[in-house]
Amino acid sequence: MVFQTFERVESKPRRDDRVMLACGFAFTTGWTDVLCTLRFGAFGTMCTGNAIYLAKSVSNGSVYEFLFYTSVILCYCLGVFVHRHLDKKLEEATSALVMSIPVATCCLAVDVLGVLFGHNRYYVCFISLACGIVNVVSQRVAGAVTNAVTGNLQ
């Protein structure tokens with residue numbers, strides 16, 4: 001049997017595909033934030049709200065809250081770092097599909113840990129790490145920031 005080989009052709013997403021992808025990311029981001037604030041008391045997809053909570057914890061003198069919000073923000077930054085590191089490793093050939101593996105793993109970890117060990121606020125760190133990755137992917141692939149309404153309205 002003879003196999004035909006084809007050259008790999010770089011394809012850019014059509015404008016309609018980008019709009020649909022951005023809308024999907026934006027909906028998912030909003031849904032995730034609502035669930036995270038209700039379940040964990042922190043934003044999983046952005047640092048702004050968590051930075052405000054962090055400042056509030058400093059003014060209240062709550063070390064526990066300070067450590068919690070610091071860890072959520074650092075995990076978000078770690079997610080951005082993971083994407084950038086994998087992007088360099090793969091010679092800037094990362095895609096939404098490649099990034100779905102660590103994102104899905106982080107999201108599953110929250111539910112698995114919840115079943116095994118019970119509820120813990122720090123599980124939001126997994127979501128924050130995943131959303132750091134997702135936000136870089138959405139900005140890069142869809143061309144829109146899907147975690148910040150104010151930036152897009154401007």
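Predicted model, so just to flag it, every value in this text is computed and none were measured. (Residues numbered from 1 in each chain as written. Predicted model: local features only at pLDDT ≥ 70, side-chain atom pairs only at ≥ 80, totals over all residues. Heavy atoms only, no water.)

Could you clarify how one ought to interpret helix 3 (residues 63-89) in this entry?
If you check helix 3, its first and last C-alpha atoms are 38 Å apart, about what 27 residues at 1.5 Å a residue would give, namely 39 Å. Looking only at helix 3, the buried set comprises Phe-68, Tyr-69, Ser-71, Val-72, Ile-73, Cys-75, Tyr-76, Gly-79, His-83 and Asp-87. Where helix 3 is buried, its residues touch helix 2 (48-60), helix 4 (96-117) and helix 5 (124-142). A positive phi of about 55° marks Glu-91, the residue just after helix 3. (Helix = DSSP H or I, 4+ residues; strand = E, 2+ residues; numbered from the N terminus. Expected span 1.5 Å × (residues − 1). Buried < 20%, exposed > 50% of the residue type's maximum accessible area, 1.4 Å probe, protein only. Contact = heavy atoms within 4.5 Å.)

What is the right way to look at the packing of helix 3 against helix 5 in this model?
Packed helix pairs are characterised by how far apart their axes lie and by the angle those axes make with each other. Axis separation between helix 3 and helix 5 bottoms out at 7 Å; the angle between their running directions is 45°. By the angle class used here, helix 3 and helix 5 are oblique. Here helix 3 and helix 5 pass one another in a crossing that is right-handed. Mapping the contact onto sequence places Phe-68, Ser-71, Val-72, Cys-75, Tyr-76, Leu-78, Gly-79, Val-80, Val-82, His-83, Arg-84 and Asp-87 in helix 3 and Val-124, Cys-125, Ser-128, Leu-129, Cys-131, Gly-132, Ile-133, Asn-135, Val-136, Val-137 and Arg-140 in helix 5. (Axes fitted to C-alpha atoms, helices over the stretch in contact; angles between N-to-C directions. Parallel < 35°, antiparallel > 145°, perpendicular 65-115°, else oblique. Left-handed = near helix turned anticlockwise from the far one by under 90°.)

Explanation requested: the packing of helix 2 against helix 3 in the structure shown.
Relative orientation of the contacting elements helix 2 and helix 3 amounts to 160°, with a least axis distance of 8 Å. Taken together, the axis directions place helix 2 and helix 3 in an arrangement best described as roughly antiparallel. Helix 2 and helix 3 meet at a crossing whose hand is left-handed. Residues Asn-50, Ala-51, Tyr-53, Leu-54, Ser-57 and Val-58 of helix 2 lie in contact with helix 3, whose contacting residues are Glu-65, Phe-66, Tyr-69, Thr-70, Val-72 and Ile-73. Split by residue class, the contact of helix 2 with helix 3 holds 8 nonpolar, 3 polar and 1 charged. (Nonpolar A, V, L, I, M, F, W, Y, C, P; charged D, E, K, R; others polar.)

Would you take a moment to explain the side chain of Ser-57 for this structure?
Structurally, Ser-57 is set in helix 2. Apart from the residues within four sequence positions on either side, Ser-57 is in contact with Ser-62, Glu-65 and Phe-66.

I tried to follow the environment of Ala-130 on my own but got confused; where do I start?
Locating Ala-130 in the fold gives a position in helix 5. Each C-alpha atom of the pair Ala-130 and Met-99 lies 9.1 Å from the other, and the pair is 31 residues apart in sequence. Among all residues touching Ala-130, those that are not within four sequence positions of it are Val-103, Cys-106 and Cys-107.

It is worth stressing that arrangement in space is one thing and function is another; only the former is reported here.
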